[in-house]
Amino acid sequence: LSAVLLSGWLAGPLRQLERATKAGASGDYRPLRVAPASNDELNLLVSSFNDMTATLQEARGLAQRSRLRLEESNLFLQQILANLSAGVLVLDVDWRLMDFNASAERMLGVALTRDHLQALEDLPLIGSCHAQVRQSLAPPPEVLFQHESAKVDGHVVTLLVSGSRLPGKVPRYVLIFDDIGELLSAQRARDFADMARRLAHEINYPLTPIQLSAERL
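Since the model is a prediction, treat every value here as computed from it, not as a measurement.

S.K.: I would appreciate a short explanation of the overall build of the chain in the present structure.
M.R.: Assigned secondary structure in the chain consists of five helices and five strands. The buried share of the chain, reckoned over its 217 residues, is 25%. Looking at the chain alone, contacts between residues at least 24 apart form 35% of all its contacts between residues at least 6 apart. Looking at the chain as shown, the accessible area adds up to about 15200 Å², and 59% of this sits on carbon and sulfur atoms.

Set out below in C-alpha cells:
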C-alpha cells in the first residue's frame, strides 16, 4: 500500500509536468499549481518549470512586439518608396537587382524583376555608370555624382546618382537616382537672367555719365 501511494504521489506531478511541457511546445505557458508551504523536490521542480515558462512567455511577447514593429516599419518604408519621385534600386553582393520602386521602373523605361537576374550594367541609363559605382563604393560607404546618359530616342538625361553600401556581413547596395535635367535647365535660366541683368547694368553704368553730359550741353 505504501508503495502504491508513493508511486501515485510521484507520478501525479510528473504527469502534470509532462502535459505542461507538451502545452508549452504549442504556446500554452500557463503556470502549474504549486503546493503551498511545501519544499520537496517535486514542488521545487514545478516552481522552476513555472519560472521557465514565464520567461518563455515574456520572450515570446517581446518577439511578437518586435515583429509587429518591423512589419509597421517595412510598411511605412514601402509607402515612402512608392510615393518617392526618385528611383531606388537595391542590389545584392553581385550587383544584381533585389528590389526597386515604381519610379525606378518608370524612369528606366523597362520592366524590372526581383529575382536577382538583372545585373546593374544591363539596365538602361543607370547601367552605363556601373563601373564608376563599383569603384566608388569599394572602400567608402557612400558616393554622389552626376551622370549623363542617352535614351533610345537619343535624348540625353542628366541623373544625380547617390550610392550607399548597406552594413552587414554580406554587402548590399542602394542606388538612388533622379533626373535633374529640368532642375539644371531652371538653374541655367536663372543664371542667364542674372547674367543679363548684370550685363545691362554694366552697359548702362558707363552710359549714364555720357547721358548727363549730353543733357547739360
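S.K.: Honestly, the environment of valine 157 in this entry has me stumped. Any pointers?
M.R.: With respect to the helices and strands, valine 157 occurs in strand β4 (residues 156–166). Expressed as a C-alpha distance, the spacing of valine 157 and glycine 181, which sit 24 residues apart in the sequence, is 6.4 Å. Dropping the residues within four chain positions of it, valine 157 is found in contact with His147, Glu148, Ser149, Lys151 and Asp179.

S.K.: Looking at this structure, I do not really get the pairing of strand β2 (residues 97–100). What am I missing?
M.R.: Along any regular strand, the residues point their side chains to alternate faces of the sheet. With three bridges connecting them, strand β1 (residues 87–91) and β2 associate as antiparallel partners. Across the sheet, residue leucine 91 finds its bridge partner in β2, namely leucine 97.

S.K.: Just checking my understanding: could you explain the pairing of strand β5 (residues 172–179) for this structure?
M.R.: The pairing of β1 with β5 spans five bridges and is classified as antiparallel. When the bridges of β5 are listed, valine 88 appears paired with isoleucine 176. Across eight bridges, the pairing between β4 and β5 is antiparallel. From the neighbouring strand, valine 161 faces β5, where its bridge partner is phenylalanine 177. With antiparallel pairing between neighbouring strands as the criterion, β4 and β5 make up a hairpin whose turn holds five residues, including glycine 168 at a positive phi of roughly 145°.

S.K.: Sorry, what's going on with the nonpolar core here?
M.R.: Side chains of a nonpolar character, in soluble globular proteins, are inclined to be buried together. Residues Leu89, Leu112, Ile126, Leu159, Leu175 and Phe177 are the most contacted members of the largest nonpolar core, which totals 24 residues. Elements with a minimum of two residues in this core: β1, β2, α3 (102–108), β3 (142–150), β4 and β5. Not counting chain neighbours up to four residues away, the residues in contact with leucine 175 comprise Gly87, Val88, Leu89, Leu91, Leu120, Ile126, Val133, Val161, Ser162 and Gly163. Ranked by size, the runner-up nonpolar core spans five residues in total, among them Leu17, Ala20, Leu32 and Phe49.

S.K.: Where do I start with the sheet that holds β1 in this structure?
M.R.: Sheet strands line up and pair through hydrogen bonds in the backbone, either parallel or antiparallel. In spatial order, the strands read β2-β1-β5-β4-β3; together these five strands make up an open sheet with antiparallel pairing. The open sheet is flanked by β2 and β3, the only strands paired with a single partner. Adjacent strand axes in the sheet meet at a mean angle of 25°, parallel and antiparallel pairs treated alike.

S.K.: Just checking my understanding: could you explain the environment of phenylalanine 145 for this structure?
M.R.: With respect to the secondary-structure elements, phenylalanine 145 resides in strand β3. Ignoring any residue separated from it by four or fewer positions in sequence, one finds phenylalanine 145 in contact with Cys129, Gln132, Val133, Leu159, Leu160 and Val161.

S.K.: Where do I start with the packing of aromatic side chains in this structure?
M.R.: Two measures describe an aromatic ring pair: the distance that separates the ring centres and the angle between the ring planes. Applying the stated criterion across every chain yields a total of one aromatic pair. A ring pair is formed by tryptophan 95 and tyrosine 173, whose centres lie 3.8 Å apart and whose planes are at 10°; its orientation type is stacked. With a gap of 78 residues between them, tryptophan 95 in the loop between β1 and β2 and tyrosine 173 in strand β5 connect regions that are remote in the sequence. The buried category is assigned to tryptophan 95, whose relative accessible area is 7%. Given a relative accessible area of 8%, tyrosine 173 falls into the buried group.

S.K.: Quick question: what am I supposed to make of the pattern of salt bridges here?
M.R.: Between side chains of opposite charge, a pair can form when the charged atoms approach closely. According to the stated counting rule, one finds three salt bridges in the structure shown. One salt bridge connects glutamate 71 with arginine 67, and the closest N-O pair in it is separated by 3.1 Å. Remark: arginine 67 and glutamate 71 occur in helix α2 (residues 41–82); sequence separation between them is four residues, near one turn of the helix. Classification of glutamate 71 as partly exposed rests on a relative accessible area of 41%.

S.K.: So what exactly am I meant to see when it comes to unusual backbone geometry here?
M.R.: Across residues other than glycine, the phi torsion is negative in most instances, and most of the peptide bonds are trans. The phi angle at tryptophan 95 is positive, at roughly 60°, despite the residue not being glycine. Here the phi dihedral of leucine 125 falls at roughly 65°; this positive angle occurs in a residue that is not glycine. Note that leucine 125 resides in the loop between α3 and α4 (130–136). Residue classification places leucine 125 among the buried residues on the basis of a relative accessible area of 10%.

The rules we used
Residues numbered from 1 in each chain as written. Predicted model: local features only at pLDDT ≥ 70, side-chain atom pairs only at ≥ 80, totals over all residues. Heavy atoms only, no water. Helix = DSSP H or I, 4+ residues; strand = E, 2+ residues; numbered from the N terminus. Buried < 20%, exposed > 50% of the residue type's maximum accessible area, 1.4 Å probe, protein only. Contact = heavy atoms within 4.5 Å. Areas by Shrake-Rupley, 256 points an atom, 1.4 Å probe, with all protein chains shown as cover. Pairing = 2+ DSSP bridges. Core = buried A, V, L, I, M, F, W, Y, C linked by side-chain atoms within 4.5 Å. Axes fitted to C-alpha atoms, helices over the stretch in contact; angles between N-to-C directions. Phe/Tyr/Trp six-rings, centres within 6.5 Å; stacked < 30°, edge-to-face > 60°. Salt bridge = Lys/Arg side-chain N within 4 Å of Asp/Glu carboxyl O.

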